[in-house]
There are 2 protein chains.
Amino acid sequence: MAKQSQRLSRDVLIDCAMTLADAEGLGAVTIRRLAQENGVTPMAMYWHFNDKEALLDAMAAHLVGAVKLPAATDAPWDAQLRDVLDAIAVALRPHPTVAGMAARQVLIAEAGLELTERVLALLATAGLEPRRAAEVATFLFCSVVALVAGDPGQREVATDEDRESRIRYKTASLAALPPARFPHLIAAAPGLVSCFGQDDFFDLNLDLLVQGVRGIR
Amino acid sequence: MAKQSQRLSRDVLIDCAMTLADAEGLGAVTIRRLAQENGVTPMAMYWHFNDKEALLDAMAAHLVGAVKLPAATDAPWDAQLRDVLDAIAVALRPHPTVAGMAARQVLIAEAGLELTERVLALLATAGLEPRRAAEVATFLFCSVVALVAGDPGQREVATDEDRESRIRYKTASLAALPPARFPHLIAAAPGLVSCFGQDDFFDLNLDLLVQGVRGIR
DNA sequence: ACCTGAACACCGTTCAAGT
DNA sequence: ACCTGAACACCGTTCAAGT
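Residues numbered from 1 in each chain as written. Chains lettered and ligands numbered in written order. Predicted model: local features only at pLDDT ≥ 70, side-chain atom pairs only at ≥ 80, totals over all residues. Heavy atoms only, no water.

S.K.: What is the right way to read the overall build of chain A from this model?
M.R.: A tally of helices and strands in chain A yields 11 helices and 0 strands. Along chain A, helices and strands appear, N-terminal first, in the series α-α-α-α-α-α-α-α-α-α-α. Its C-alpha atoms put chain A at 65 × 50 × 25 Å along the principal axes. Counting every position in chain A, which comprises 217 residues, the buried fraction comes to 48%. Taking the contacts inside chain A whose residues are at least 6 apart along the sequence as the reference set, 70% of them involve residues at least 24 apart. For chain A, the exposed surface amounts to about 10,400 Å²; the carbon and sulfur share of it is 53%. (Helix = DSSP H or I, 4+ residues; strand = E, 2+ residues; numbered from the N terminus. Buried < 20%, exposed > 50% of the residue type's maximum accessible area, 1.4 Å probe, protein only. Contact = heavy atoms within 4.5 Å. Areas by Shrake-Rupley, 256 points an atom, 1.4 Å probe, with all protein chains shown as cover.)

Pasting the structure below:
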């Protein structure tokens, strides 16, 4: 009775594409590869998506939809804003290679609209007028995306050993810089090279963003 | 006498690639297209760049090198940090489609190392220990990049008329949302849709970042 | 040192056609 | 409604070769 007959569906394909992106990077997400992964002709994809851009948009919308917006409370605006930003980061972090495309769906996907409305409401409570709230809300979302997707070493997915050896190499080459010219850089080298993906990196910088909003009121 | 004989050089090619990216987007930057633009065979590019990744890295490094780091003064750390962030934004803004790749060269290009050293020194003055300074410096750079490159509508380069009509369309579709559910979003619609590229958008959010650093000390 | 020519394995996409 | 087959214009890249 159920329409189980069709072997493919948009959702299955999006899931498959996400898995592909997580495992081999966004470059592996290809019309032809996605078709092959599902035992079907490349042209079959064009029934489910208008073109490749539509596929990528669907992936981004899926990610925006994964944000579990916390219920509104009577806590102070800054605590609530912090929780919302955290919820965004939590949703994006499992798919860092896809996260970079999330911004283009935040004003399109239903979940993105709700999220934006919520942030704007909190910013209004904080005392920002609509125009400034709009600019700040836009930037906050882009910043959280940058926090998750910004890892330059994340663009090529690699094994843990590969990543560790690259981190060691990069730390060493920074440590080898002339100490007279780059004292702070040398002292900070481990943090600069390995901060991405760490919990405290997210915590610290999400705090920074919320404190920043406090500061510009 | 001078080695003017060679028709091509790395720098000429990088400049050409930047122009191409500005005019037609990063998707137009292609080994084959770049060769054609210079009246030469695609394979000639492989003399000047190991592969396409090396070309893109060179473009990113060029952008990082374009940052005019302001001279250190005895002004308070937050004023100086603000000036440094501003200098980064000023350098990146003319090439928004390329800006997204800048982060991967900031710890590699010479100019990026100087820039990072400077920011770390200011953060140390602000009272952050090296580890936290490293995490904040990394995030600050990624955030400024996001501020410049984050425009979702910038990915396809278009004429001004195209951009304006798309902004009108997007504003209208946001304004048509149910007012009961999205009151703040509707009030903020113009700002949400058209804030990218505006001077006050940069000013406000660079302030936010500096204030954020103040807040987490 | 700097560039070419031919070839290969990949892309996205269109169009007509099948069931 | 959902998928196939053949074809087209594009990619990045290698390898041997030219000057």
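S.K.: Even after reading the chapter, I still don't get the interface of chain B and chain A, so can you show me in this structure?
M.R.: Interfaces are frequently sized by the accessible area removed from exposure as the parts join. Listed per partner, the contact involves 59 residues of chain B and 59 residues of chain A. Both faces considered, chain B and chain A share a buried interface measuring about 5,100 Å² in area, 69% of it formed by carbon and sulfur atoms. On inspection of chain B and its partner chain A, the count reaches 4 salt bridges. Residue Arg181(B) pairs with Glu110(A) through a salt bridge whose shortest N-O separation is 2.8 Å. Only helix H4 (52-65), helix H7 (110-125), helix H8 (130-149), helix H9 (160-175), helix H10 (183-194) and helix H11 (199-216) of chain B provide two or more residues apiece to the side of chain B that touches chain A. Split by residue class, the side of chain B that touches chain A holds 32 nonpolar, 12 polar and 15 charged. (Buried area = accessible area lost by both parts, 1.4 Å probe. Salt bridge = Lys/Arg side-chain N within 4 Å of Asp/Glu carboxyl O. Nonpolar A, V, L, I, M, F, W, Y, C, P; charged D, E, K, R; others polar.)

S.K.: Looking at this structure, I do not really get the relation of the copies chain B and chain A. What am I missing?
M.R.: For the pair of chain copies, the relating transformation is a rotation about an axis with a translation along it. Mapping chain B onto chain A is achieved by rotating through 180° and translating by 0.0 Å along the same axis, at an RMSD of 0.0 Å. Both copies of the chain, as the preceding transformation shows, are related through a two-fold rotation axis. Closest approach to the rotation axis among the C-alpha atoms of chain B is made by Gly212(B), whose C-alpha sits 1.8 Å away. Here 100% of the interface residues in chain B have copies in chain A that are interface residues too; the copies meet face to matching face. (Least-squares fit on C-alpha atoms with pLDDT ≥ 70 in both.)

S.K.: Just to check I follow, could you spell out the packing of helix H11 (residues 199-216) of chain A against H11(B) for this structure?
M.R.: The description of two helices packed together rests on the angle between their axes and the distance between the axes. Here H11(A) crosses H11(B) at 115°, and the two axes come no closer than 6 Å. Classified by the angle between their axes, H11(A) and H11(B) sit roughly perpendicular to one another. The hand of the H11(A)/H11(B) crossing is right-handed. Contact residues: H11(A) offers Leu204(A), Asp207(A), Leu208(A), Leu209(A), Gln211(A), Gly212(A), Val213(A), Gly215(A) and Ile216(A), while H11(B) offers Leu204(B), Asp207(B), Leu208(B), Leu209(B), Gln211(B), Gly212(B), Val213(B), Gly215(B) and Ile216(B). Tallied by class, the residues present in the contact of H11(A) with H11(B) amount to 10 nonpolar, 6 polar and 2 charged. (Axes fitted to C-alpha atoms, helices over the stretch in contact; angles between N-to-C directions. Parallel < 35°, antiparallel > 145°, perpendicular 65-115°, else oblique. Left-handed = near helix turned anticlockwise from the far one by under 90°.)

S.K.: When you look at helix H1 (residues 10-24) of chain A in this model, what are you seeing that I'm missing?
M.R.: Residues spaced three or four apart along an α-helix face the same direction, because each turn holds 3.6 residues. Residues and elements named next belong to chain A. Given a rise of 1.5 Å per residue, 15 residues ought to cover 21 Å, and the 21 Å separating the end C-alpha atoms of H1 matches this to within 8%. Restricting attention to buried positions, one finds in H1 the residues Leu13, Ile14, Cys16, Ala17, Met18, Leu20 and Ala21. Elements that come into contact with the buried residues of H1 comprise helix H2 (31-37), helix H3 (45-48), helix H4 (52-65) and helix H6 (96-99). Looking one or two places after H1, you find glycine 25, whose phi comes out positive at around 90°. (Expected span 1.5 Å × (residues − 1).)

S.K.: Which parts of the structure should I look at to understand the domain arrangement of chain A?
M.R.: We note that the domain assignment places domain 1 (2-49), domain 2 (65-151 + 197-216) and domain 3 (154-194) within chain A. The C-alpha-based centres of domain 2 of chain A and domain 3 of chain A are spaced at 29 Å. (Domains from an automatic or database assignment.)

S.K.: Sorry, what's going on with the nonpolar core here?
M.R.: Across soluble globular proteins, nonpolar side chains have a tendency to be buried as a group. Among the nonpolar cores identified, the biggest contains 160 residues, and Met59(A), Leu81(A), Leu209(A), Met59(B), Leu81(B) and Leu209(B) are the most heavily contacted of them. Leave out the neighbours within four places in its chain, and Met59(A) touches Ile14(A), Ala17(A), Met18(A), Ala21(A), Leu26(A), Val29(A), Val98(A) and Met101(A). (Core = buried A, V, L, I, M, F, W, Y, C linked by side-chain atoms within 4.5 Å.)

S.K.: What exactly am I supposed to notice about the layout of surface pockets here?
M.R.: To find the voids left in a structure, one rolls a probe of water-molecule size over its atoms. Roughly 1,800 Å³ of volume is contained in the largest pocket. In terms of lining, the largest pocket is formed by 50 residues, of which the most central are Leu26(A), Gly100(A), Leu26(B), Gly100(B) and Met101(B). Within the residue set of the lining of the largest pocket, elements represented by two or more residues are H4, H6 and helix H8 (130-149) of chain A together with H4, helix H6 (96-99) and H8 of chain B. The element best represented in the lining of the largest pocket is H8(B), accounting for 5 residues. Taken together, the residues of the lining of the largest pocket sort by class into 24 nonpolar, 12 polar and 14 charged. (1 Å grid on protein atoms, 1.4 Å probe; cavity = no way out; pocket = protein on both sides within 12 Å on 5 of 7 lines; lining within 4 Å. Points joined across faces, edges and corners; volume = space filled by probe spheres on them.)

S.K.: Quick question: what am I supposed to make of the packing of aromatic side chains here?
M.R.: Each aromatic ring pair is specified by the distance between its two centres and by the angle formed by the two planes. Residues and elements named next belong to chain B. All chains considered together, the criterion is met by 4 aromatic pairs over all chains. With a centroid separation of 5.3 Å and an interplanar angle of 70°, the aromatic rings of phenylalanine 196 and phenylalanine 201 are classed as edge-to-face. Among the residues examined, phenylalanine 196 registers a relative accessible area of 11% and is labelled buried. The class of phenylalanine 201 is buried, set by a relative accessible area of 0%. Judged by centre distance (5.9 Å) and plane angle (70°), the rings of phenylalanine 201 and phenylalanine 202 are edge-to-face. (Phe/Tyr/Trp six-rings, centres within 6.5 Å; stacked < 30°, edge-to-face > 60°.)

S.K.: What am I meant to see in the environment of Arg163(B) here?
M.R.: Residues and elements named next belong to chain B. Along the polypeptide, arginine 163 turns up in helix H9. Arginine 163 gets classed as partly exposed once you look at its relative accessible area, which sits at 36%. Taking the C-alpha atoms as reference, arginine 163 lies 33 Å from glycine 112; in sequence the two are 51 residues apart.

S.K.: Where do I start with the side chain of His48(B) in this structure?
M.R.: Here His48(B) shows up in helix H3 (residues 45-48). When sequence neighbours within four positions are dropped, the list of residues in contact with His48(B) reads Leu8(B), Ser9(B), Arg10(B) and Leu13(B).

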